Amino acid sequence: MTIIDWGYIWDAVPDLLQGLKMTLLVSVLAILLSLLMGLVGCALRMSPLKIVGYAVAAYVEFIRGTPYLVQVFFVFYGLPNLGLTLSVFWSGVVALSIWASVFHIESFRAGLSSVSKDIHNTSASLGLRRWQHVLLVVLPIAARSALPSTLNTVVSTIKNSAYLQAIGLVELTFVAVDRIAYEFRATEMFLSICVIYLVIVLAVSGLGHRLERRLNRPYEGR
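Everything numeric in this text was worked out from a predicted model, so none of it was measured. (Residues numbered from 1 in each chain as written. Predicted model: local features only at pLDDT ≥ 70, side-chain atom pairs only at ≥ 80, totals over all residues. Heavy atoms only, no water.)

Asks: Account for the packing of helix 1 (residues 6–45) against helix 7 (residues 172–183), naming residues and giving values.
Replies: Two elements in contact, helix 1 and helix 7, have axes separated by 7 Å at closest approach and are oriented at 145 degrees. Facing helix 1, whose interface residues are Tyr 8, Ala 12, Asp 15, Leu 16, Gly 19, Leu 20 and Thr 23, helix 7 presents Leu 172, Val 175, Arg 179 and Glu 183. Grouping the amino acids of the contact of helix 1 with helix 7 by side-chain chemistry returns 6 nonpolar, 2 polar and 3 charged. (Axes fitted to C-alpha atoms, helices over the stretch in contact; angles between N-to-C directions. Helix = DSSP H or I, 4+ residues; strand = E, 2+ residues; numbered from the N terminus. Contact = heavy atoms within 4.5 Å. Nonpolar A, V, L, I, M, F, W, Y, C, P; charged D, E, K, R; others polar.)

Next up, the structure:
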């Protein structure tokens, strides 16, 4: 029967916290960059120029249809052969951002598509200018519709940062695996990082659900 050594876990906390800092840093940067890429990609995806929309659609299908770990290896090992060499850190940020961006593109597109033509006609009858219609009507409705899937992608981005240990990024999972290689305490290490990831995900999900409730407040009772 395996006995968990809680003292060993406590002694490993400083190392795990160092890895956690890197996990949070790369995840936050990737989340922000992927949201920006998602907004731009969504605008291009819904562009009246069909060739642009088709190109973005092909990009989305390519990223969604290939394994994420392969994408990480391509960014880190493949791009240098094409003349673009990135550090381990920025390779991780770029790979995470590319992966998450395609899901944000589709989430934002679905959110914008949820705004019916009747709402457009109502704004026109009220004399709202185009920028007022977009800013005050379209975006709040689209954000409310896209929030659940966007939150899911944000959470998945944080969890997928664990894959970056495969290219040598010293994040949370890398620290745990490295200690296991020398000290053979797999149960303690994997239990520890599971708890840490769970706490992070629950915190992010909780904030997201609070925002979701706030956005839904004007529609309560209808």
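Asks: Run through helix 1, naming residues and quoting values.
Replies: Taking 1.5 Å of rise per residue, the 40 residues of helix 1 would be expected to cover 58 Å, yet its terminal C-alpha atoms sit only 51 Å apart, more than 12% below that figure. Of all the bends found along helix 1, the most pronounced is centred on Val 13 and spans about 45 degrees, while Pro 14, a proline, follows it within four residues. Its side-chain oxygen placed 3.1 Å from the backbone nitrogen of Gly 7, Asp 5 serves as the N-cap of helix 1. (Expected span 1.5 Å × (residues − 1). Bend = angle between axes of the 7 residues up to and from the residue. Polar contact = N/O pair within 3.5 Å; in protein donor to acceptor, adjacent residues only side chain to side chain.)

Asks: How would you explain a nonpolar patch on the surface if you had to name every residue and give the values?
Replies: Taken together, the side chains of Trp 6, Leu 191, Val 195 and Val 199 make up a nonpolar region of the molecular surface, amounting to roughly 400 Å² of accessible area. No other element matches the 3 residues that helix 8 (residues 186–216) contributes to the nonpolar patch. Along the chain, Val 199 falls in helix 8. (Patch = residues over 30% accessible without salt bridge, like charges linked within 9 Å, V, L, I, M, F, W, Y side chains within 5 Å. Areas by Shrake-Rupley, 256 points an atom, 1.4 Å probe, with all protein chains shown as cover. Salt bridge = Lys/Arg side-chain N within 4 Å of Asp/Glu carboxyl O.)

Asks: Break down the side chain of Glu 171 for me, with residues and values.
Replies: Within the element layout of this structure, Glu 171 appears in the loop between helix 6 (130–160) and helix 7. Arg 179 provides the closest opposite charge to the buried, unpaired Glu 171, separated from it by 13 Å. Here Phe 174 takes part through its backbone nitrogen, which lies 2.7 Å from a polar atom of the side chain of Glu 171. Discounting residues that sit within four places of it in the chain, Glu 171 has contacts with Gly 19, Met 22, Thr 23, Ser 161, Ala 162, Gln 165 and Tyr 197. (Buried < 20%, exposed > 50% of the residue type's maximum accessible area, 1.4 Å probe, protein only. Lys, Arg positive; Asp, Glu negative; His and termini not counted.)

Asks: So what's going on with the nonpolar core? Residues and values would help.
Replies: Ranked by size, the top nonpolar core spans 17 residues in total, and within it Leu 16, Leu 172, Met 189, Ile 193, Ile 196, Tyr 197 and Ile 200 carry the most contacts. Every element with two or more residues in this core is listed here: helix 1, helix 6, helix 7 and helix 8. Setting aside residues up to four positions removed in sequence, Met 189 forms contacts with Tyr 8, Ala 12, Leu 16, Ala 176, Arg 179 and Ile 180. Ranked by size, the runner-up nonpolar core spans 16 residues in total, among them Ala 30, Phe 76, Phe 89 and Leu 96. (Core = buried A, V, L, I, M, F, W, Y, C linked by side-chain atoms within 4.5 Å.)

Asks: Now, about the pattern of salt bridges: what can you tell me, with residues and values included?
Replies: Pairing between side chains of opposite charge can happen when the charged atoms of each approach one another. Within the structure shown, the criterion is met by 6 salt bridges. For Asp 15, the salt bridge goes to Arg 179, with nearest N and O atoms at 2.5 Å. Of the two residues, Asp 15 sits in helix 1 while Arg 179 sits in helix 7, which places them 164 residues apart along the sequence. With a relative accessible area of 13%, Arg 179 lands in the buried category. For the salt bridge of Glu 188 with Arg 185, the shortest nitrogen-to-oxygen distance reads 2.6 Å. Looking at Glu 188, the relative accessible area reads 3%, which means it is buried. Judged by its relative accessible area of 27%, Arg 185 falls in the partly exposed class.

Asks: Which residues make up the packing of aromatic side chains, and what values go with them?
Replies: Counted under the stated rule, the structure contains 6 aromatic pairs. Ring centres 5.8 Å apart and planes at 50 degrees place the aromatic pair Phe 73 and Tyr 77 in the tilted group. On the criterion of helical spacing, the pair formed by Phe 73 and Tyr 77 is a turn pair, its members being 4 residues apart in helix 3 (residues 68–78). Judged by relative accessible area, which is 32%, Phe 73 ranks as partly exposed. Aromatic side chains Trp 99 and Phe 103 sit 4.9 Å apart centroid to centroid with 50 degrees between the ring planes, which places their arrangement in the tilted category. Within this pair, Trp 99 and its partner Phe 103 are both found in helix 4 (residues 88–113), separated by 4 residues, close to a single helical turn. Given the relative accessible area of 27%, Phe 103 is considered partly exposed. Taken together, the ring pairs connect Tyr 68, Trp 99, Phe 103 and Tyr 163 into an aromatic cluster. When the ring centre of Tyr 8 is taken as origin, the NZ or CZ atom of Arg 185, which lies over that ring, is 5.8 Å away. (Phe/Tyr/Trp six-rings, centres within 6.5 Å; stacked < 30°, edge-to-face > 60°. Lys NZ or Arg CZ within 6 Å of the ring centre and 35° of its normal.)

Asks: Would you mind going over the environment of Ala 12 in detail, with residue names and values included?
Replies: Structurally, Ala 12 can be placed in helix 1. Among residues more than four places away in sequence, those in contact with Ala 12 are Arg 179 and Met 189.

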